[in-house]
Amino acid sequence: MTSSEGVDDDKRSTLRRFAALGATAPVAGLSETASADTGESDARDAISGYLSTTPGAHFSKIRDDLQLGTGETQHHLRQLEEQGAIERYRDGDYKRFVPADRFDEFEKRTLGYLRRDTPRGMLIELLLSSDSTAGDLADALEVSAPTVSKYAGELEEAGLLSREDGYAVERPETVLVLVVRHADSFGDRARRLARNADQFVAYEG
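The rules behind the values
- Residues numbered from 1 in each chain as written.
- Predicted model: local features only at pLDDT ≥ 70, side-chain atom pairs only at ≥ 80, totals over all residues.
- Heavy atoms only, no water.
- Helix = DSSP H or I, 4+ residues; strand = E, 2+ residues; numbered from the N terminus.
- Contact = heavy atoms within 4.5 Å.
- Areas by Shrake-Rupley, 256 points an atom, 1.4 Å probe, with all protein chains shown as cover.
- Core = buried A, V, L, I, M, F, W, Y, C linked by side-chain atoms within 4.5 Å.
- Buried < 20%, exposed > 50% of the residue type's maximum accessible area, 1.4 Å probe, protein only.
- Salt bridge = Lys/Arg side-chain N within 4 Å of Asp/Glu carboxyl O.
- Expected span 1.5 Å × (residues − 1).
- pLDDT = per-residue confidence, 0-100.
- Pairing = 2+ DSSP bridges.
- Axes fitted to C-alpha atoms, helices over the stretch in contact; angles between N-to-C directions.

Novice: Just checking my understanding: could you explain the overall build of the protein chain for this structure?
Specialist: Broken down by element type, the protein chain carries 10 helices and 5 strands. In the protein chain, once contacts between residues fewer than 6 apart in sequence are set aside, the share between residues at least 24 apart is 54%. Put simply, the protein chain shows about 11100 Å² of open surface, and 43% of that area lies on carbon and sulfur atoms.

Novice: Looking at this model, I keep getting lost on the nonpolar core. Mind explaining?
Specialist: In a soluble, globular protein the nonpolar side chains are often hidden away together inside. If you look at the biggest cluster of nonpolar residues, it comprises 31 residues, and the most contacted ones within it are Leu-111, Met-122, Leu-155, Leu-160, Tyr-167 and Val-179. It is helix 6 (residues 117-128) that provides the largest number of residues to this core, a total of 5 residues. With residues up to four places along the chain from it excluded, the contact list for Leu-160 reads Phe-106, Arg-109, Thr-110, Tyr-113, Leu-123, Leu-155, Ala-168, Val-169 and Glu-170. Among the nonpolar cores identified, the runner-up in size contains 14 residues, and Phe-59, Ile-62, Leu-77 and Leu-80 belong to it.

Novice: Any chance you could explain the environment of Leu-111 here in plain terms?
Specialist: In this fold, Leu-111 is placed in helix 5 (residues 105-114). Spatially, the C-alpha atom of Leu-111 lies 8.4 Å from that of Ala-57, the residues being 54 residues apart in sequence. In contact with Leu-111, other than residues within four places in its own chain, are Pro-55, Gly-56, Tyr-89, Val-98, Phe-103, Leu-178 and Phe-186.

Novice: Can you walk me through unusual backbone geometry in this structure?
Specialist: Notably, Gln-67 is not glycine yet its phi reads approximately 60 degrees, a positive angle. Summarising the element assignment, Gln-67 is placed in the loop between helix 3 (59-65) and helix 4 (70-82). Residues other than glycine seldom take positive phi values, yet Glu-142 does so here, at roughly 60 degrees. By the secondary structure assignment, Glu-142 is in the loop between helix 7 (134-141) and helix 8 (145-157). On the accessibility criterion, Glu-142 (74% relative accessible area) is exposed.

Novice: Would you mind showing me how to read the pattern of salt bridges here?
Specialist: Close approach of charged atoms allows side chains of opposite charge to pair. Applying the stated rule across the entire model yields 13 salt bridges. Across the pair Asp-104 and Arg-171 runs a salt bridge whose closest N-O atoms are separated by 3.4 Å. Note that Asp-104 is positioned in the loop between strand 3 (94-99) and helix 5 and Arg-171 in the loop between strand 5 (168-169) and helix 9 (172-181), a separation of 67 residues in sequence. Sharing partners across several salt bridges, the network here consists of Glu-87, Glu-105 and Lys-108.

Novice: Help me out: how do you make sense of helix 6 in this one?
Specialist: Along an α-helix, a turn takes 3.6 residues, which lines up residues three or four apart on a common side. Between its terminal C-alpha atoms helix 6 stretches 16 Å, which fits the 16 Å expected from 12 residues at 1.5 Å a residue. Of all 12 residues making up helix 6, 10 are buried, and the element is well covered by its neighbours. Of the residues making up helix 6, those classed as buried are Thr-118, Pro-119, Arg-120, Gly-121, Met-122, Leu-123, Ile-124, Glu-125, Leu-126 and Leu-127.

Novice: So what exactly am I meant to see when it comes to the confidence of the model for the protein chain here?
Specialist: Predicted coordinates in areas of low pLDDT are best not read in detail. In the predicted model, the protein chain carries a mean pLDDT of 86, and the fraction of residues at 70 or more is 79%. Here residues 26-38 scores under 50 on pLDDT; set against residues more than four positions off or in separate chains, the count is 16 contacts.

Novice: Would you take a moment to explain the sheet that holds strand 3 for this structure?
Specialist: Within a beta sheet, neighbouring strands are joined by backbone hydrogen bonds and run either parallel or antiparallel to one another. Spatial strand order, 1-3-2: 3 strands in an open sheet with antiparallel pairing. Looking along the sheet, the strands with just one partner apiece sit at the ends: strand 1 (57-58) and strand 2 (86-91). Where strand 2 and strand 3 come together, 6 bridges link them in antiparallel fashion. In the strand pairing of strand 3, Glu-87 is matched with Val-98. Each of strand 2 and strand 3 is contacted by helix 4, which is oriented at about 115 degrees to strand 2, the strand it contacts most. Packed onto the sheet, helix 5 meets strand 2 and strand 3 and runs at close to 65 degrees relative to strand 2.

Structure representation (structure tokens):
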């Protein structure tokens, strides 16, 4: 059984780990006005650092990964928004958050789908092999063909996928950069792609 002190220590360790990243972000100055006794500086810098590595995260994921309370998370997100440090956007039933002024509308839509397991898997598989069929995707992701078809329709509607001649990722260079840059937050499949990303980038002299 974990003691409350152990839980608090774990929470402090998590906050400090992400706060170290947040300290280099534009919102670091907020810590000067936050109360050290209440831990607002650590929590706010931690959210900033977390969103720099996990852009497009939704409210519940931020709260749970940083081990914050619901009200506490709402408070700090609202403060960061008012300071112009982060922005929120609606993605279906989710409220997602990103650092302010870093992503255009296409990138924010892409991040939303990259935060979903099956759409992320589909996009990554298509980046790896642009001639993958619906059956190939279903086999690679161990999902049904109807599931692939469902998400393909959503991705097409969102402007991330073309189905005119097979499946093709729209703006593949942009999608690849987002996957590679934030691979650690997208799981093993993304990390494998990131390790070999140079094979998918064409340079023109």
